[in-house]
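Summary of structural features
The chain contents come next:
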Amino acid sequence: MPHHDLPDVDSAHRALDEASTRSLDSSHDRWVHGLACAGFGVLIGANVGVLRLARGTEYYSWISLGSLALLVALAFWESRATRTWPRRARRTGWFGLGGSVLLAAIGHGILNTVYREDPGPLPVLVLASAVVASPLLVAGHLVARGGRR
Amino acid sequence: MKDPGTGHARHRLDDVIHAPVRFSIVAALASVDQAEFAVVRDAVEITDSALSKQVATLESAGYVAVSKGYVGRRPRTWLALTKQGRLALDRHLAALREIAGGPLE
């Protein structure tokens, strides 16, 4: 077999040291991706409550467009501010996003069924927003904290 | 080819990864899902052209995936270790540990 320099014990140790120290994992990038994840959660969660409160008013479209613009801006900032994707960060983020979007759909469904005429009481809307945001907040925390390699 | 599960551990070393620069690239990429070309270049301390050449070898072995895109107007190249690359690195590290005389980590 055309091996380059077959390693002796010392060079095997050196190679193993190299493998364990040559890490691109960046706490800054973890923090940015985690913060972005949490930001997506807050925006999606807040949308659930705020859009119900704004339903039927002239602000509804502006709030929808504004939140969309904020989501795009947040995604842009995330990609500009980072140069690596930490291990499992992307997958964790997608799980969080999936969870929040699913809860948002369920939340809208329940709120629309229970409160047909009015937006619903403020504490309920706040609670619904917090529940919707929670998967992405948890995902953001996991990404920022990091995990095993 | 010899059965990779038998014989001396050196038979289980991966020829593609065994080259020092490529080993550094793969070891660095193992710590992340994806990294910018320039980050890997700086971490491994080689030139753009040297990294391109080594990445091409790793890419043709199926160990590294290269993707290109833009952030704003700036073009960026991203490097990622494939599943196959991760498995190859794990096997290579296991062989090195055996040569070094037992589990280190």
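The notes below deal with the structure included here. Note that the structure is a prediction, hence the values are computed from the model and not measured. (Residues numbered from 1 in each chain as written. Chains lettered and ligands numbered in written order. Predicted model: local features only at pLDDT ≥ 70, side-chain atom pairs only at ≥ 80, totals over all residues. Heavy atoms only, no water.)

Some points on the overall build of chain B
As a reminder of what qualifies: Counting from the N terminus, the helices are the DSSP runs of H or I reaching at least four residues and the strands are the DSSP runs of E reaching at least two. The cut-offs for exposure are 20% and 50% of the maximum accessible area for each residue type, with area from a 1.4 Å probe on protein chains only; residues under the lower value are buried, those over the upper are exposed, and the others partly exposed. In this description, contact between two residues means that some pair of their heavy atoms is separated by no more than 4.5 Å.
Helix and strand content of chain B: 5 helices and 3 strands. Along chain B, from the amino end to the carboxyl end, the secondary structure elements read α-α-β-α-α-β-β-α. Here chain B holds 105 residues, and the buried ones make up 48% of them. Within chain B, counting contacts between residues at least 6 apart in sequence, those at least 24 apart form 55% of the total.

Brief notes about the overall build of chain A
As a reminder, the rule being used: As a reference, a globule follows 2.2 Å times the number of residues to the power 0.38, and the radius of gyration itself is taken over C-alpha atoms. Accessible surface is estimated by sampling points in the Shrake-Rupley manner with a 1.4 Å probe; for residues, cover comes only from the protein chains shown. Residues counted as positive are Lys and Arg, residues counted as negative are Asp and Glu, and His and the chain ends are not counted. By convention, charge coordinates are those of NZ in Lys, CZ in Arg, CG in Asp, or CD in Glu.
Scanning chain A from N- to C-terminus turns up 5 helices and 1 strand. Each helix and strand of chain A, placed in order from N terminus to C terminus, yields the pattern α-α-α-β-α-α. Computed over C-alpha atoms, the radius of gyration of chain A comes to 22 Å, more than 25% over the 15 Å expected from 2.2 N^0.38 for 149 residues, which places it beyond the range of a compact globule. Relative to its 149 residues, chain A shows a buried fraction of 39%. Across chain A, the fraction of contacts at a sequence separation of at least 24, relative to all contacts at a separation of at least 6, is 88%. As presented, chain A carries roughly 8700 Å² of accessible surface, and 66% of it is formed by carbon and sulfur atoms. Of the side-chain charges in chain A, 15 are positive and 11 negative, and the distance between the mean point of each set is 6 Å.

Examining the environment of alanine 100 of chain B
Relative to the helices and strands, alanine 100 of chain B resides in helix H5 (residues 83–100). Judged by relative accessible area, alanine 100 of chain B falls into the buried class, the value being 9%. Between the alpha carbons of alanine 100 of chain B and alanine 9 of chain B there is a distance of 9.9 Å; along the sequence they are 91 residues apart. Not counting the four nearest positions on each side in its chain, alanine 100 of chain B is found in contact with Val9, Ala12, His13 and Leu16 of chain A.

Quick notes on the environment of phenylalanine 37 of chain B
Residue and element names in this part refer to chain B. Looking at where phenylalanine 37 falls in the secondary structure, it is placed in helix H3 (residues 37–44). For the pair phenylalanine 37 and threonine 77, spaced 40 residues apart in sequence, the C-alpha to C-alpha distance is 5.5 Å. When sequence neighbours within four positions are dropped, the list of residues in contact with phenylalanine 37 reads Asp48, Leu51, Ser52, Thr77 and Leu79.

Comments concerning a nonpolar patch on the surface
Residue and element names in this part refer to chain A. We count it as follows: Only residues whose relative accessible area exceeds 30% and that form no salt bridge are eligible for patches; like-charged ones are grouped when within 9 Å, while nonpolar side chains (Val, Leu, Ile, Met, Phe, Trp, Tyr) are grouped when within 5 Å. Here, a salt bridge means any side-chain nitrogen of Lys or Arg that lies within 4 Å of a carboxyl oxygen of Asp or Glu.
On the surface, a nonpolar cluster with roughly 480 Å² of combined accessible area is contributed by Trp62, Leu65, Leu68 and Val72. Looking at the element boundaries, leucine 68 is found in helix H3 (residues 59–81). Classification of leucine 68 by relative accessible area gives exposed; the value is 51%.

Considering the interface of chain A and chain B
Note the threshold: Joining two parts hides part of their accessible area as seen by a 1.4 Å probe, and the buried area is that hidden amount summed over both. Whenever two N or O atoms come within 3.5 Å, that pair is a polar contact, provided that in protein one can donate a hydrogen and the other can accept it, and provided that, for residues adjacent in sequence, both atoms are side-chain atoms. For this classification, Asp, Glu, Lys and Arg are treated as charged, while Ala, Val, Leu, Ile, Met, Phe, Trp, Tyr, Cys and Pro are nonpolar and the rest, including Gly, are polar. Pairing between strands requires that DSSP locate at least two bridges from one strand to the other.
Facing 32 residues of chain A, the contacting portion of chain B comprises 37 residues. Carbon and sulfur atoms supply 61% of the area buried between chain A and chain B, which totals about 3100 Å² over both sides. Among the residues chain A hides against chain B, the three largest losses belong to Arg22, Leu24 and Arg83 of chain A. Together they make up 23% of the total. Put simply, chain A and chain B have 2 salt bridges between them. For arginine 83 of chain A, the salt bridge identified is with glutamate 36 of chain B, shortest N-O distance 3.7 Å. Put simply, chain A and chain B have 11 residue pairs in polar contact (both at pLDDT 80 or more) between them. Elements represented by at least two residues in the side of chain A that touches chain B include exactly helix H1 (9–21), H3, strand S1 (84–86) and helix H4 (89–114) of chain A. Of the residues that constitute the side of chain A that touches chain B, the class distribution is 14 nonpolar, 7 polar and 11 charged. As defined by bridge partners, S1 of chain A adjoins strand S1 (residues 32–36) of chain B across 3 bridges and the pair is classed as antiparallel. Pairing of threonine 84 of chain A across the sheet is with alanine 35 of chain B, part of S1 of chain B.

Function cannot be inferred from these measures alone, as they are strictly geometric.
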